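Geometric and topological summary
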Amino acid sequence: MVYRDDFIIRNSIIVHSVILYAWISHKSVSNCDAEQNEDYQDAVAKNYTFLEAVPPFERPYKDHKVCLQWGADYLWMLQANRIPQCPHESDGVQVLNFIYASSGEKTGIVKRFEQFENRELETVRQHQIDFPMFTVSIWLYLLHHCEKDLCGILYFIDSKEMYSTPAVFLSEEGYVHVQMHLMRGDDLAVKTSFSLPLKQWLRLDISFKGGQIEVSTVGKNLKRHHHQSFNFREDFYYDDTAGYFVLGGSGYVNGVEGFFGPVKYYRLNVLETEQISNPLHDKETVEQIEVYYERCMDIQQIVYEYRNIVSQGEKAQRNCYYENYYSELIHKYGEKSKCDAFMWGKELREKYHTLFKLLQEMDFSAPDVLEDGSGTVLEVGRRIFQKVAKGLSSADGLSNMGSSVPLLVDSSCCGYHKASYFLAVILETGLGVPVDRTKGLLYSLIGAQGNERLAVMNLGYKHYQGINNYPLDLELSYAYYSNIAIKTSLDQHNIKGEQAFVETIRLMDDELLKAQTKENGDVFMWLKHEATRGNAAAQQRLAQMLFWGQQGVAKNPEAAIEWYAKGAIETEDPVLIYDYAIVLFKGQGVKKNTKLALELMKKAAAKGLPQAVNGLGWYYHNFRRDYRKAAKHWLIAEELGNPDASYNLGVLYLDGIYPGVPGRNQTVAARYFYKAAQGGHIEGTLRCSLYYITGNMEDFPRDPEKAVIWAKHIAEKNGYLGHVIRKALNAYLELSWHEALLHYVLAAETGIEVSQSNLAHICEERPDLARKYLATDCVWRYYNFSVSQVNAPSFAYLKMGDFYYYGYQNQSKDLELSMRMYAQAALEGDSQGFFNLALVIEEGNSIPSYILDHLGIDQALHSSNTSLLQELYYRCWNNSNQDSISPCSLALLYFHVRVFWNNILQSTLIYFMGTFLLSVLVAFAVQYFQSLPAHNSPGTRSEPSSDEPSSSENSTEDATRLIQPNESTFSNDLAQQEPNPQNPLVTS
């Protein structure tokens, strides 16, 4: 801090201000050996003062009294007066740029901040750990206040998974709850005297300066609405690098219900409201959200009041039933009650004329219409949606899309958010209507906030890929994907609802398509026949199909349990015994029977079934609380390779109840969770994804992309998504093209790869349908989406490679991208990828070195095109079916023939063979001309005997023996000789 940098002082401290602390600690004379706190906080007397720091380039050089070598001194003088450039870094961080739909559940955006690269900023940050100076600015649109206790807005979780400074929550009454962690170790909280308003955008600004807290709210016009200050004499502890921030919900608290706008965090500065730069960027979407909820309030009020009017009329009619039997029959079998005399004005009726028309058609006496207002409104929304969905799935349904959109809007406003997702996809893709990305985004956000699973996945996918004008934001993507991943685990235990098993069935795979069946299909009937005969494998497969809704069979848990029970009793199959025991334990579709379930589980475990051994551990853990026996069984099951057992052992360590091990051990627990995740365990994968996003575990360095990939993998197993995919596949098999296109678009927009490639295939198969109803280039868009996935199939890479190679419609050619696609297909083990790369070389192009490195081809060994072609054709042959003749094997053979022929042409052997053939031809010609005088001497007539061959035949045989290497020449000569009747070798 005193001298300038030189050859010996390389990094002098650069600061703007200096605080000098001084303190006196009391040391007890009676207890000299004991350790005592001698820091500043525990001092009996303390003080500090500010010192003025000299700027670094105004400081003098220090005389070190040493002489440098000439070379070192010269190198130092070259850069002695060069002013170092500090990294361009600001303490202002944009935590969130885009609108985030918070559904009020235990998921949110996780952000972690590292130390500053700029030494000056980092020094200031470390000095402010015990004297925090920072500001947070958050845009919010709240739909409801917290239903219970507190809901998370923004809070910090330290490395020990405890709340730290700051922690900002929303209370049940709408007050802002601010919690701080003190230097002495405990916590302190305050609550504002004002509450946050609902259904309007506001900016919440909170600043900390030492022991002072300022809380303000600002409207869209940036005028301050409320302000409150809190002053404390306590010192707060604040280190924003010792943990992670959460925006919204987490495993510890639910998030707020509403929307987050832009969030700005100033790490080192306290700013006034006027100084904060955190504008609402997407003003159009912000206004659309406000307009949507205003309109929906009107619709919900109309539905609620209409239902009350109809129910009052029905109540009056019911009072007359027993007095008039005829009236009772009319009510029972006649037209249902409806309201023709509206109490609403003409303007309102015209504005919502489609809604009023639908309300008149509905039967509000049905048992599924609930008594409370919210239930009625939601039920009306569901009915509207079902009517629209039925129309769109008809033979020519997509042609009515324009008239369906207003009805879907009404359904969405009633809180039925499947309609919101339909609207989002329809408007973003231009499915039967013009593209409107702003409204598409609006309904995606509305659907996600309303907890519609496909809408949440849609947003997660768009932010993961950064497509359709959605910013690439991995933390935001994880917030959405983790929400559905958690639900996937819960949904699998719920046998109700429109769910089906997510199956990877590609429309190009004829074998899989033939295996699809229904309850009256041949495959199902054959399995049922075999299962009735006692075939354990058929019983097991039939039960799985019915329980999970697989292979085109409708979900029917009750029927599945009957086959589980039949198989467990009759066949003694351990898998069927185990499956039946599980449903008895959990009471899924059958009455709980723990005693019988335990007997069956022990029976299956005795047969060596790993999952049954794990099931016994689960029984002792959940029913007996005998953790020693539970751990014993889980260790055995884990050795047998059961991932459930690995996860359960991790839970024991995490909860601190592993026998013989005191306290919690998160490190060992995390290792078990990782092992379970490697085996495909859903909860284990979720745990690991959380470790990757927070970075709080030593063995899991922070990796947001890996966290998203793992959460996405689980989310795409959700049964509600599987139901949409199954409807699309069934429609395709039934040649219902409109319904297939609609549902494949709905599934593809969630980001699941199999639906994307299947949709592209349909658009290739039916280009007229795609052109008529989709505003986007369907084939290009969805094959492009497919190859961007982690699990993309090789044929998608080949398709995109061909598109880039030849050019596709309005897309320009790109040879390098084409080769990258072919190389990726080759890496997936597709021989066609190697074959196409070889053809690219054959056509005179060269493959970039980084692609060869990606393929693992050593350029030093394969520097020439010939060597490279040989390697590519060999790999092509090696990855193809070697038991039959394939294009790769023919190409490799042809390549070797060409190489052999070229080698002959370029060697001395060709000259020897040429000389030899020429000598043979000369010898034949001499012999030929010598034979002419012998046959045609004067005065002699040759009369050949009938039983002796003529000289011409002899000469022909000789010629055949002599010029056999050139058979084509010989046959050509014969062809020229035969038609000539004057040939002297031919006798009459």
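Residues numbered from 1 in each chain as written. Predicted model: local features only at pLDDT ≥ 70, side-chain atom pairs only at ≥ 80, totals over all residues. Heavy atoms only, no water.

**Section: the confidence of the model for the chain**
- Per-chain confidence: the chain averages 84 in pLDDT, with 85% of residues scoring 70 or above.
- Low pLDDT, under 50, characterises residues 935-988; the stretch is placed with 16 contacts to residues that sit more than four places away or in other chains. (pLDDT = per-residue confidence, 0-100. Contact = heavy atoms within 4.5 Å.)

**Remarks on the pattern of salt bridges**
- Within the structure shown, the criterion is met by 32 salt bridges.
- Here Asp205 ties to Arg203 by a salt bridge, and the two come within 2.9 Å at their closest N and O atoms.
- Here Arg203 falls in the buried class, since its relative accessible area comes to 2%.
- Of the charged contacts, one joins Asp491 and Arg453 as a salt bridge, the two residues approaching to 2.9 Å between their closest N and O atoms. With Asp491 in helix H12 (residues 474-491) and Arg453 in helix H11 (residues 453-465), this pair connects stretches of sequence that are 38 residues apart. (Salt bridge = Lys/Arg side-chain N within 4 Å of Asp/Glu carboxyl O. Buried < 20%, exposed > 50% of the residue type's maximum accessible area, 1.4 Å probe, protein only. Helix = DSSP H or I, 4+ residues; strand = E, 2+ residues; numbered from the N terminus.)

**Considering the environment of Ile206**
- Along the chain, the position of Ile206 falls in strand E11 (residues 201-209).
- Taking the C-alpha atoms as reference, Ile206 lies 9.8 Å from Ser229; in sequence the two are 23 residues apart.
- Setting aside residues up to four positions removed in sequence, Ile206 forms contacts with Phe134, Thr135, Val136, Val168, Ile213, Glu214 and Val215.

**Describing the packing of aromatic side chains**
- Applying the stated rule across the entire model yields 53 aromatic pairs.
- On the basis of an interplanar angle of 25 degrees and a centroid distance of 5.9 Å, the ring pair of Tyr100 and Phe260 is categorised as stacked. Taken together, the residues span a long stretch of sequence, with Tyr100 in strand E4 (residues 100-103) and Phe260 in strand E15 (residues 257-266) at a distance of 160 residues. Side by side, Tyr100 and Phe260 carry an identical accessibility label, which is buried.
- Taking the centre distance of 4.3 Å and the plane angle of 10 degrees together, the rings of Tyr653 and Tyr658 count as stacked. The same class applies to Tyr653 and to Tyr658, which are both buried.
- Taken together, the aromatic side chains of Phe113, Phe134, Phe156, Phe208, Phe232, Phe236, Tyr238, Phe245 and Tyr265 make up a single cluster linked through ring pairs.
- Above the face of the Phe116 ring, Arg267 is positioned so that its terminal group lies 4.2 Å from the ring centre. (Phe/Tyr/Trp six-rings, centres within 6.5 Å; stacked < 30°, edge-to-face > 60°. Lys NZ or Arg CZ within 6 Å of the ring centre and 35° of its normal.)

**Digging into the sheet that holds strand E9 (residues 175-181)**
- On the basis of which strands lie adjacent, the open sheet formed by six strands has the order E5-E14-E7-E8-E9-E10 and antiparallel pairing. Looking at the sheet topology across the chains shown, the edges are occupied by strand E5 (108-111) and strand E10 (187-195). This sheet shows a mean twist of 15 degrees between the axes of neighbouring strands, independent of strand direction.
- The sheet contact formed by strand E8 (residues 163-170) and E9 spans four bridges and is antiparallel. Counted as the bridge partner of Ala167 is Gln179 from E9. (Pairing = 2+ DSSP bridges. Axes fitted to C-alpha atoms, helices over the stretch in contact; angles between N-to-C directions.)

**A short note on a nonpolar patch on the surface**
- Residues Ile19, Tyr21, Trp23, Tyr48 and Phe50 make up a contiguous nonpolar surface patch of roughly 530 Å² in combined accessible area.
- With three residues, strand E1 (residues 17-24) is the largest single contributor of residues to the nonpolar patch.
- As for its placement among the helices and strands, Ile19 is situated in strand E1.
- Owing to a relative accessible area of 36%, Ile19 belongs among the partly exposed residues under this scheme. (Patch = residues over 30% accessible without salt bridge, like charges linked within 9 Å, V, L, I, M, F, W, Y side chains within 5 Å. Areas by Shrake-Rupley, 256 points an atom, 1.4 Å probe, with all protein chains shown as cover.)

**Some thoughts on the state of the cysteines**
- Applying the stated criterion to the full structure yields four disulfides.
- Note that Cys146 is cross-linked by a disulfide to Cys151, the S-S spacing being 2.0 Å. Taking the sign of the S-S torsion, 80 degrees for the link of Cys146 and Cys151, the bridge is right-handed.
- When its relative accessible area of 6% is taken as the criterion, Cys146 is described as buried.
- One disulfide in the model links Cys296 with Cys413; its S-S distance is 2.0 Å. Of note, the bridge from Cys296 to Cys413 carries an S-S torsion of about -65 degrees and is left-handed in sense. (Disulfide = S-S within 2.5 Å.)

**Topic: empty space enclosed by the protein**
- Across all of its chains, the model carries three cavities of 30 Å³ or more by this definition.
- Empty space within the largest cavity amounts to approximately 90 Å³.
- Around the largest cavity sit Phe501, Val502, Glu503, Ile505, Gly722, Ile725, Arg726, Leu729, Tyr744, Val754, Ser755 and Asn758, which together line it.
- For the lining of the largest cavity, the secondary-structure elements that each account for two or more residues are helix H25 (719-733) and helix H27 (753-765).
- If one sorts the elements of the lining of the largest cavity by residue count, H25 sits on top with four residues.
- Of the residues that constitute the lining of the largest cavity, the class distribution is seven nonpolar, three polar and two charged.
- Put simply, the second largest cavity is a space of about 50 Å³. (1 Å grid on protein atoms, 1.4 Å probe; cavity = no way out; pocket = protein on both sides within 12 Å on 5 of 7 lines; lining within 4 Å. Points joined across faces, edges and corners; volume = space filled by probe spheres on them. Nonpolar A, V, L, I, M, F, W, Y, C, P; charged D, E, K, R; others polar.)

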